[in-house]
Amino acid sequence: MKRILHTLAYVTPKQVVFRLKYLLAPVKSLKIKHVRSKEKVTPIQCLPIPYSNKIIEKAGSEYHVTLLNLSTKYENQIHWADDSYGQLWNYHLQYADFLRQDDLSVTEKEDLLIDLYEWLKSGKLKPEPYPSSLRIMNLIRFLSENPESLNKKNELIDHLYSELLFLENRLEYHLLGNHLMENAFALLMGGTYFQSVRWNNIANAIFLEQVPEQILKDGGHFERSPMYHLILLFRFLEALYYLPSDSELYSLFLKTSKQMLGWIDQMSFRNGDLAHFNDSTDHQAYSKKQILQMAQKCGISEYSPTILNESGYRRYENENASLLVDSCGIKPDYQPGHAHADSLSFILYSHGKPIVIDPGVSTYEAGKRRNWERSTKAHNTITFREQNTADVWGKFRVGKRPDVKIVEESDAECILRLRHKLESGDLFEHHRKFHFSHEYVEIFDSVTLNEPVEGRIHLHPGIKIKELTKNKVILDEGTVIKLQNILLVEEFTYKCSNAFNVRSNSIGIRYEFDHDTTLRIYFPGT
C-alpha cells in the first residue's frame, strides 16, 4: 500500500480526473460515422521515409506476422487482438505499419485494413487512443500516397474519420508525455487531411501547451529516453513537411526540431550508436543517420550544437574517448514510466567503439527481466543491500525516488550526490566524482554507511577480460581498469539487450568496497 501511495503522490490532478473519467466510460467498439463531404479531403505531402521491415507475409491461406523480433502465424485471418506475446507486440500489430511494406500490393493492404477495422467495429478489438493515433497517421499517409489506386477509398476514409472522432474524445491526459504528443500529431494530420478547423485547433492547443513542457531547454524530451526522443523528433519533421511554412506551428516545430537534433547529437557516439539510458534500445526508432536525412528533406541542413543541461546528462569528450553521465533523478515526476533506477550511471566509448554500456531494454512485460532492466544493478553505478535507488515496480511504475544533485562541475569534472531512504529507514548517501582526462576517466565513489556496497560495470558484448587481479583488470581490446580500496573484484555474466526480445551474452565487472574507492579506466593506446 505504501508503494502505491508513494507512486500516486506525484500524479497530477488532471491525470486523476481523466483516469476516473475513462474508467467510468469504457469504450467497447469503434462507432462508424460517414463523411458527408468527401470532396474536402486533401491528401497531405508525405515526408519520404524508408520502407518497413517485412511484417506480414501471406503464404497460401496462412499469414506470417513478425513484430519486435517475435513471429507467429494465423490460418485464414489475422487475430488482431492477439496479445500472446504481450501488449506491446499487439500494439505494433494494430499500428498498421504493414502499410509501409514494399512487398505488399495496394489491394492486399486495403484488405488487411478493412479486416482490422471489422475487428474494431465488432468489439473483438477495443480501440485505444495510442495505437489509434499511430494507425491514423499510417492510414493518412497510405491514402495520400495512393489517391487514385484504391478500390475501397470511401470506406477507408469513413473508418479514418470515425477513428479521429474517437481519438478527439479519448485524448490521453491520464498519461500525458509522449502518448499525448502522438495523439496531437494524429489530430493535426487528420485536421490537415479533412480540412477540419476543430481538430487543428485541438492539436494546436496541445502543442502550444506541451512542447514547452516536454521539450527541455537543452533540446531533450523530458522523459529522458533517447529512443522516444528520436520517435518524437520524427513526428516533428513529418509535420514540418506537410504544414504551410507561414503557420504558427511550422515556426514552433522548426525551432524545436533543431533543438532536438542538437540534443541527439550529444546523446550518440561517433559510430552512430545511441546512448541507451532509460527505456531505449535499437530498431524501434529511425536511426540518427535516417533522421538527419529526413531533416535535410525538411530544409534543415544546420542546427546549433547543444550543451547538455536540463535533461540531466553530461558529456565529456576528447580525441580518445566519449563519456556520458546520468546526473538526473527520476523525471518527469508525474510520468516516470520509462525511467530506470540508473542515477549516477555512465556510458564510455573509446575511439568510437563501445566499452562500458547501458544494457538497454528488451521487454515491457512485467516480470523478472523487466524488473532487472530497470534496476540499479543493471547499470554502471553502486547498489547497497540489493536495493534499487528508486522504487521501480510493475511495468512502468515508480514509487519512492532519490534526491540527486550536481554538487560541483567543470569542463573536466562532475561531482554528484544521491540520497535515498533504505527499507530500514536509514539514509543512504552516495557521492560520485567523474574526472575526465586524455588518458583515463577517474571515478571516485564514497558512501555514508560503513558496510560493503557493490559496484558494477557492464561491458559491451564481445569484450573479454584478459587479466583480473584485485587491483587491476585488463580487457582484451586494450582498456585497463585500476581499482583502489577494493574488498573484491570479479567477473559476472549478463544478457545485453540488443533490441526488443533480442539479447546477447555479455560480461561485466563486479566489485565491493566499504567506504570509498577509486576506479581509473585507461583508454586503449594511451
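What you are looking at is a predicted structure, and each value in this text was computed from that prediction instead of being measured.

## Brief notes about unusual backbone geometry
Okay, so step 1: A cis amide bond links K331 with the next residue in sequence, P332, at an omega value of -15°.
Okay, so step 2: Tracing the sequence through the fold places P332 in the loop between strand 5 (321-326) and strand 6 (346-350).
Okay, so step 3: The phi dihedral of L176 is positive, around 60°, even though this residue is not glycine.
Okay, so step 4: Among the secondary structure elements, L176 is positioned in the loop between helix 6 (153-168) and helix 7 (177-194).
Okay, so step 5: Within the chain, N485 stands out as a residue other than glycine whose phi angle is a positive 60°.
Okay, so step 6: On the accessibility criterion, N485 (49% relative accessible area) is partly exposed.

## Here's the deal with the sheet that holds strand 3 (residues 70-75)
Okay, so step 1: Spatially, the three strands line up as an open sheet ordered 1-2-3, and their pairing is antiparallel. In this open sheet, the two edge strands, each paired with only one partner strand, are strand 1 (56-59) and strand 3. On average, adjacent strands in this sheet sit at an angle of 20° to one another, irrespective of strand direction.
Okay, so step 2: The sheet contact formed by strand 1 and strand 2 (residues 62-67) spans four bridges and is antiparallel. Along strand 2, the bridge assignment pairs I56 with V65.

## Describing the pairing of strand 15 (residues 453-458)
Okay, so step 1: Where burial is concerned, most of strand 15 is hidden: six out of the six residues are buried.
Okay, so step 2: A two-sided burial pattern is seen for strand 15, the buried positions comprising V453, G455 and I457 on one face and E454, R456 and H458 on the other.
Okay, so step 3: Relative to strand 15, strand 8 (residues 382-383) runs antiparallel, the two being bridged by two bridges. Residue pairing across strands places T383 opposite E454, the latter belonging to strand 15.
Okay, so step 4: One ladder, built from six bridges, connects strand 15 with strand 20 (residues 502-513); its direction is antiparallel. If you follow H458 over to strand 20, its bridge partner there is G508.

## A look at the pairing of strand 5
Okay, so step 1: Along strand 5, six of the six residues are buried, which leaves the element largely enclosed by surrounding structure.
Okay, so step 2: Side chains A321, L323 and V325 project from strand 5 onto one buried face, and the interleaved S322, L324 and D326 project onto a second face that is buried too.
Okay, so step 3: By the bridge criterion, five bridges tie strand 4 (residues 313-317) to strand 5 in an arrangement that is antiparallel. For Y313, the partnering residue across the bridge sits in strand 5 and is D326.
Okay, so step 4: Taken together, the five bridges between strand 5 and strand 6 define a ladder with antiparallel strand orientation. Of the residues in strand 6, the one forming a bridge with S322 is Y349.

## Quick notes on the nonpolar core
Okay, so step 1: Core analysis: the largest hydrophobic core is formed by 112 residues, its most contacted members being W80, F207, L237 and F253.
Okay, so step 2: Of all the elements, helix 9 (residues 226-242) adds the most residues to this core, at twelve residues.
Okay, so step 3: Sequence-distant contacts of W80, defined by excluding residues within four places in its chain, comprise I56, N90, L93, Q94, F98, L112, D115, L116, W119 and L125.
Okay, so step 4: Of all hydrophobic cores here, the second largest spans 41 residues; its members include I382, V404, V441 and L475.

The rules behind each value
- Residues numbered from 1 in each chain as written.
- Predicted model: local features only at pLDDT ≥ 70, side-chain atom pairs only at ≥ 80, totals over all residues.
- Heavy atoms only, no water.
- Helix = DSSP H or I, 4+ residues; strand = E, 2+ residues; numbered from the N terminus.
- Buried < 20%, exposed > 50% of the residue type's maximum accessible area, 1.4 Å probe, protein only.
- Pairing = 2+ DSSP bridges.
- Axes fitted to C-alpha atoms, helices over the stretch in contact; angles between N-to-C directions.
- Core = buried A, V, L, I, M, F, W, Y, C linked by side-chain atoms within 4.5 Å.
- Contact = heavy atoms within 4.5 Å.

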